[in-house]
Amino acid sequence: MYDAGYTKGFYDAYGRREWERLEGSVAGRLKAVVHGDFIARYVGRGDRVLDAGCGPGRFTVTAAELGARVTALDLSEGQLELARATVDEAGVSGAVEAFVSGDIADLSMFGDGHFDAVICYGGALSYVCEQRHVAAAELVRVVRPGGVLLVSVMSRLGTMATLVRRPQMSILEDPEGWYLWQVAKDGDLPGFPSTEIDLEHPPMHMYRSDELRGLFPDCEVLELAGSNVTTSGESAANEILESPEAWATAVELERALCGEPGLVDGGTHLILVGRKGG
């Protein structure tokens, strides 16, 4: 069950790790590149954009650098403080209209059709669990007719496959204790011990691509892609970062393959771009 207060406290404590997870590995950097590519394709100068679940502001900066007018929203005050610092450091504070403490399941502070585009990246729609339909409806409501939504969620099938690609021995040896078969069946993962801070990780809902499509019935799906379809994230892959030529090739391969139907569900995240009807 979704507990907004607990999730807020977890990410307050998680701090800069939310920024660093997209910095320290090939998988993290590829994830940042591909997510940023979609923003560059669908967000333009002058667009009013909501970055819902902004975390430390990585994609707030991306949209602001494109000339958009951005509102950054997050459940965690700690993450919002990091976002403010990130925006200031990037020199784009003039493009950010507001930093708002809020929950994607309740965007009542914004009127209908207030934004030209909404970005909801990194799994906020996974953390709201059974409230995901409510949250999705709110994200759609605050976009103008003809506007776009860019969302990403945790991938059910890709995450499960990675348990063997990059062996997670504790899970493989105790699949019932780690709810593996429950996740396979319905995507629901209860809270579990965090490996990085002394708190239990909040529950999550992991998605299949067809389920993600179904979450936005009133939107035309413009693109559906995977993230990290070319890497399972093992540390050995980090030697790629030591060679500019190898890194450039890895980026182009990820870009070329992320939208292939046979690979979309095989990444760590699913990315959907939808256009609101009306």
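Before going into details, it helps to say that this report is about the structure given with it. For clarity, every value in this text was computed on a predicted model and none was experimentally measured.

**A look at the nonpolar core**
1) Next: Grouped together as the largest cluster of nonpolar side chains are 35 residues, with contacts concentrated most on L50, I104, L125, L139, L212 and F216.
2) Next: If you list the elements that add at least two residues to this core, you get β1 (48-52), β4 (115-120), α6 (124-127), α7 (132-141), β5 (143-154), β10 (219-227) and β11 (269-276).
3) Next: Beyond its immediate sequence surroundings of up to four residues, L139 is in contact with A52, L107, V118, C120, L125, L149 and V151.

**Topic: the pattern of salt bridges**
Oppositely charged side chains can pair when the atoms bearing their charge come close.
1) Next: Applying the stated rule across the entire model yields 15 salt bridges.
2) Next: Linking E23 and R58 is a salt bridge whose minimum nitrogen-to-oxygen distance equals 3.0 Å. Here E23 is found in the loop between α2 (17-20) and α3 (26-42), whereas its partner R58 is found in helix α4 (residues 58-65), with 35 residues between them in sequence.
3) Next: For E23, a relative accessible area of 32% translates into the label partly exposed.
4) Next: For R58, a relative accessible area of 14% translates into the label buried.
5) Next: Here D210 makes a salt bridge to R208, at a shortest N to O gap of 3.9 Å.
6) Next: Through salt bridges with shared partners, one network takes in D37, E252 and R255.

**Topic: the state of the cysteines**
1) Next: If you walk through the whole model with that rule in mind, you get 0 disulfides.
2) Next: Not part of a disulfide, C258 finds its nearest cysteine sulfur in C120, a span of 19 Å.

**Quick look at α4**
1) Next: A large share of α4 lies buried, amounting to 6 of its 8 residues.
2) Next: Regarding α4, the residues found buried are R58, F59, T60, V61, A63 and A64.
3) Next: Immediately downstream of α4, the backbone of G67 shows phi near 95°, a positive value.

**Things to note about unusual backbone geometry**
1) Next: Of note, the phi angle at C129 is positive, near 50°, even though the residue is not glycine.
2) Next: The residue C129 is located in the loop between α6 and α7 in this model.
3) Next: The phi dihedral of N228 falls on the positive side, at around 65°, and the residue is not glycine.
4) Next: Within the element layout of this structure, N228 appears in the loop between β10 and α12 (244-257).

Cut-offs applied
- Residue indices begin from 1 for each chain and proceed along its sequence in written order.
- Per-residue local features of the predicted model are confined to residues with pLDDT of at least 70, and side-chain atom pairs are confined, for both listing and counting, to 80 or more; whole-chain, interface and lining totals are unaffected and use all residues.
- Values reported for side chains reflect all heavy atoms of the structure, with hydrogen atoms and water molecules removed beforehand.
- Among buried residues, the Ala, Val, Leu, Ile, Met, Phe, Trp, Tyr and Cys ones that are joined through side-chain atoms within 4.5 Å form a nonpolar core.
- Under the scheme applied here, a residue whose accessible area is under 20% of the maximum for its type counts as buried, over 50% as exposed, and between as partly exposed, the area being computed with a 1.4 Å probe on protein chains only.
- Secondary structure elements are taken from DSSP: a helix is a run of H or I of four residues or more, a strand is a run of E of two residues or more, and numbering for both begins at the N terminus.
- It only takes one pair of heavy atoms within 4.5 Å for two residues to be counted as in contact.
- The term salt bridge refers to a side-chain nitrogen of Lys or Arg lying within 4 Å of a carboxyl oxygen of Asp or Glu.
- Any two cysteine sulfur atoms within 2.5 Å of one another count as a disulfide.

Keep in mind these numbers describe shape, not what the thing actually does.
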